[in-house]
Amino acid sequence: MKKAIFLLLGILAVSCNKKEPTAQSDLPFFFFDQIDYYHKTISDDTINAIIKKQNKSRKEQGLLQIIKGKVPVSTLDTLFINNMEILAFEKETLPKTLNAKISHLFSLRTVEKPDYPACEKVYRTILVFRNKNKVIGIAKISSDCSLNSIVGARYDASQFGLSGECKELQEILSKLKKQTH
């Protein structure tokens, strides 16, 4: 009988010490150690003029494929990185101190009531995620529309940006630009 009482007291003590379930921990899209940030300042008028041109140059075609199209289609498609340099995209390697913040932004989320924007996507911000110098993910971001094209994500990234991640990312990148200029 004494053993039963001690057993019940032990179970009761353990059950009282249970913690409330914690929020779901981040499930990051990428495990990376470096982020290369490419960006292009180009007006919508300039883009529309290129689109309307009958005979586009190879550079113009390449630019449209990157900022409007589906290039790249996989993490193995790294030729577009060289093309961005040829097309005068600005490049910065982000400080490693931002890795945790950006990893948090690029994590799996479920959006209860997604608000899908109705605007034309133009990918002016491109992040290339690397691990040990190997490209493991690419995120093209249309900040104006909070739309994206993400390649190499470990999880479904279709709802990225619908919870304000694009806005938060742009704030981080804007602060970085102000610090470096």
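Here the structure is a predicted model, which means the values were calculated and not measured.

Parameters at a glance
- Residues numbered from 1 in each chain as written.
- Predicted model: local features only at pLDDT ≥ 70, side-chain atom pairs only at ≥ 80, totals over all residues.
- Heavy atoms only, no water.
- Helix = DSSP H or I, 4+ residues; strand = E, 2+ residues; numbered from the N terminus.
- Buried < 20%, exposed > 50% of the residue type's maximum accessible area, 1.4 Å probe, protein only.
- Contact = heavy atoms within 4.5 Å.
- pLDDT = per-residue confidence, 0-100.
- Pairing = 2+ DSSP bridges.
- Axes fitted to C-alpha atoms, helices over the stretch in contact; angles between N-to-C directions.
- Disulfide = S-S within 2.5 Å.
- Core = buried A, V, L, I, M, F, W, Y, C linked by side-chain atoms within 4.5 Å.
- Phe/Tyr/Trp six-rings, centres within 6.5 Å; stacked < 30°, edge-to-face > 60°.
- Salt bridge = Lys/Arg side-chain N within 4 Å of Asp/Glu carboxyl O.

### Remarks on the overall build of the chain
- Along the backbone of the chain there are 6 helices and 5 strands.
- When the helices and strands of the chain are listed from N to C terminus, the series reads α-β-α-α-α-β-α-β-β-β-α.
- With 181 residues in all, the chain has 38% of them scored as buried.
- Pairs at least 24 residues apart make up 72% of the contacts formed inside the chain by residues separated by at least 6 positions.

### Here we look at the confidence of the model for the chain
- Predicted confidence across the chain gives a mean pLDDT of 84, with 81% of residues reaching 70 or more.
- Counted against residues more than four places away or in other chains, residues 3-24, with its pLDDT under 50, gives 0 contacts.

### A closer look at the sheet that holds strand β1 (residues 34-39)
- Strand order in the open sheet made by the 5 strands is β2-β1-β3-β4-β5, with antiparallel pairing throughout. Whereas interior strands pair on both sides, the edge strands pair on one side only; in this sheet they are β2 (90-93) and β5 (147-151). Neighbouring strand axes in the sheet, compared pairwise and without regard to direction, differ in orientation by 15 degrees on average.
- Across 4 bridges, the pairing between β1 and β2 is antiparallel. Each residue of the ladder has a partner; that of His39, found in β2, is Glu90.
- This element, helix α4 (residues 79-86), spans β1, β2, β3 (125-131) and β4 (134-142) of the sheet and lies at about 135 degrees to β3.

### What to know about the state of the cysteines
- Counted under the stated rule, the structure contains 1 disulfide.
- Cys145 supplies the cysteine sulfur nearest to Cys166, a cysteine that is in no disulfide, at a spacing of 9.6 Å.
- According to the relative accessible area criterion, Cys166 is buried, its value standing at 1%.

### A few points about the nonpolar core
- With 22 residues, the main nonpolar core has Leu94, Ile102, Phe106, Leu127, Phe129, Ile150 and Leu169 as its most contacted residues.
- Every element with two or more residues in this core is listed here: β1, α5 (99-105), β3, β4 and α6 (165-180).
- Considering each element in turn, this core owes the most residues, 5 residues, to α6.
- Among the nonpolar cores identified, the runner-up in size contains 19 residues, and Ile50, Phe80, Val122 and Ile126 belong to it.

### Considerations on the packing of aromatic side chains
- Counted according to the given criterion, the structure contains 7 aromatic pairs.
- Seen from their ring centres, Phe29 and Phe30 are 6.3 Å apart, and the 85 degrees between their planes marks the pair as edge-to-face.
- Aromatic pair Phe30 and Phe106: ring centres 6.4 Å apart, planes at 45 degrees, arrangement tilted. Here Phe30, found in the loop between α1 (2-16) and β1, pairs with Phe106, found in the loop between α5 and β3; they are 76 residues apart in sequence, far enough to count as distant. With respect to burial, Phe30 and Phe106 carry one shared label: buried.

### Things to note about the environment of Ile136
- Residue placement: Ile136 occurs in strand β4.
- Each C-alpha atom of the pair Ile136 and Val151 lies 8.5 Å from the other, and the pair is 15 residues apart in sequence.
- The contact partners of Ile136, leaving out residues within four places of it in the chain, are Phe30, Phe31, Phe32, Thr75, Phe129, Arg130, Asn131 and Gly152.

### Here we look at the pattern of salt bridges
- In this structure the tally under the stated criterion is 5 salt bridges.
- Across the pair Arg124 and Asp44 runs a salt bridge whose closest N-O atoms are separated by 2.6 Å. Of the two residues, Arg124 is situated in the loop between α5 and β3 and Asp44 in helix α2 (residues 44-52); the sequence distance between them amounts to 80 residues.
- Between Glu165 and Arg109 there is a salt bridge, with its nearest N and O atoms 3.3 Å apart. You can see Glu165 sitting in helix α6 and its partner Arg109 sitting in the loop between α5 and β3, a full 56 residues away along the chain.
- On the accessibility criterion, Arg109 (25% relative accessible area) is partly exposed.

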